[in-house]
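Examination of the molecular architecture
Spelled out, the chains give:
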Amino acid sequence: MGENIKVDTLEHDGGFGAYLARPADKPGAAIVVIQEVFGVNEGIRRKCDRMAEQGYLAIAPDLFWRLEPGIELDPDVPAELQRGLELFGRFDQDAGIRDIEATVHAARALLGDGGKVGCVGYCLGGRLAFMSACRTDVDASVGYYGVGIDGLLGEKHAIARPVLLHVAGEDGFVDKATQQRMHEGLDDHPRVTIHDYPGEDHGFATEMGDRRSEKAADLADARTAAFFKENLGGTNV
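Residues numbered from 1 in each chain as written. Predicted model: local features only at pLDDT ≥ 70, side-chain atom pairs only at ≥ 80, totals over all residues. Heavy atoms only, no water.

**Points about the overall build of the protein**
Counting its secondary structure elements, the protein contains six helices and eight strands. Secondary structure elements of the protein occur, N-terminal to C-terminal, as β-β-β-α-β-α-α-β-α-β-β-α-β-α. Projected onto the principal axes, the alpha-carbon positions of the protein cover approximately 45 × 40 × 35 Å. Burial status across the protein gives 55% buried among its 237 residues. Within the protein, contacts between residues at least 6 apart in sequence are counted, and of these 67% link residues at least 24 apart. Considering the protein, the positive charge centre built from 25 side chains and the negative charge centre built from 40 side chains are found 3 Å apart. (Helix = DSSP H or I, 4+ residues; strand = E, 2+ residues; numbered from the N terminus. Buried < 20%, exposed > 50% of the residue type's maximum accessible area, 1.4 Å probe, protein only. Contact = heavy atoms within 4.5 Å. Lys, Arg positive; Asp, Glu negative; His and termini not counted. Charge placed at Lys NZ, Arg CZ, Asp CG, Glu CD.)

**Some thoughts on a negative patch on the surface**
A contiguous patch of negative charge, built from E184, D187, D188 and D196, is present on the exposed surface. Structurally, D196 is set in strand β8 (residues 192-197). D196 gets classed as partly exposed once you look at its relative accessible area, which sits at 35%. (Patch = residues over 30% accessible without salt bridge, like charges linked within 9 Å, V, L, I, M, F, W, Y side chains within 5 Å. Areas by Shrake-Rupley, 256 points an atom, 1.4 Å probe, with all protein chains shown as cover. Salt bridge = Lys/Arg side-chain N within 4 Å of Asp/Glu carboxyl O.)

**Quick word on the sheet that holds strand β5 (residues 116-122)**
Pairing is mixed across the open sheet formed by eight strands, whose spatial order is β1-β2-β4-β3-β5-β6-β7-β8. With partners counted over all chains shown, the strands left at the sheet margins are β1 (2-8) and β8, one partner each. Sheet twist, expressed as the average angle between the axes of neighbouring strands with direction ignored, equals 20 degrees. In this structure, strand β3 (residues 29-34) lies alongside strand β4 (residues 57-61), joined through three bridges in parallel fashion. Paired with A30 across the strands is L57, a residue of β4. Sheet strands in contact with helix α4 (residues 124-135) are β3, β5, β6 (140-144) and β7 (163-168), and its direction is about 145 degrees off that of β5. (Pairing = 2+ DSSP bridges. Axes fitted to C-alpha atoms, helices over the stretch in contact; angles between N-to-C directions.)

**Focus on the packing of aromatic side chains**
This structure, assessed with the given rule, holds eight aromatic pairs. Relative to W65, the ring of F16 lies with its centre 5.7 Å away and its plane at 20 degrees, an arrangement referred to as stacked. Here F16, found in strand β2 (residues 15-21), pairs with W65, found in the loop between β4 and α2 (78-90); they are 49 residues apart in sequence, far enough to count as distant. For the ring pair F64 and F91, a centre distance of 5.3 Å and an interplane angle of 65 degrees mean the geometry is edge-to-face. Taken together, the positions of F64 in the loop between β4 and α2 and F91 in the loop between α2 and α3 (93-111) put the pair 27 residues apart, joining distant regions of the chain. The residues F64 and F91 share a single accessibility class, namely buried. Positioned over the ring face of Y144 is K47, at 5.8 Å from the centre of the ring. (Phe/Tyr/Trp six-rings, centres within 6.5 Å; stacked < 30°, edge-to-face > 60°. Lys NZ or Arg CZ within 6 Å of the ring centre and 35° of its normal.)

**Thoughts on the environment of T103**
Relative to the helices and strands, T103 resides in helix α3. Exposure remark for T103: the relative accessible area of 0% places this residue in the buried category.

**What to know about unusual backbone geometry**
With phi around 55 degrees, H12 is a residue other than glycine that occupies positive phi space. Mapped onto the elements of the fold, H12 is located in the loop between β1 and β2. A positive phi angle, near 65 degrees, is found at C123, a position not held by glycine. Tracing the sequence through the fold places C123 in the loop between β5 and α4.

Take a look at the structure:
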């Protein structure tokens, strides 16, 4: 179902790789799938494939390409988990948002008919999905267990399109105080919806591996599917 493509940067000074999954029928909307700190690995590719099965064009950009193209890590391997955290510390998030915006533009060009483009991100990608809602014209954004969103609340006034956030109640990277600040800052925002998952840890909606929590993942993914169907349209699945 998937293929590797190249996305041009906004500055047209080069390009970066991305995984593209196409639905069986002509898509009316697209979703940019934003990686965790583990790169565009098998789990992220499966996310794209699942979105394609739902009728969307799905694209996952390689956001670590400036550090090292083609990184794929397994979070269940301790050394690879640490490698992902180290990459996160070096990652230029502002440049990452520009690459996400370039991917949104590429998705619109592939749709070719004025279809809408959403984004969904996990972990680091959950943070970047929120930043994309604040800084780009993406049509709808979903963030799973995004890190450090409380530090981005000063940008919430720029959110012009719908945002859905999934928060793990026992997230080892997002403590209770941080979760409370997120609610205090966003519960009254007319375009933001937050769902909490009590007892769940960071990474509960991964497609595979030790972190997955089946019941919570299925619930969050069902909410995401309904959110995109309402705000993007473009699919009858």
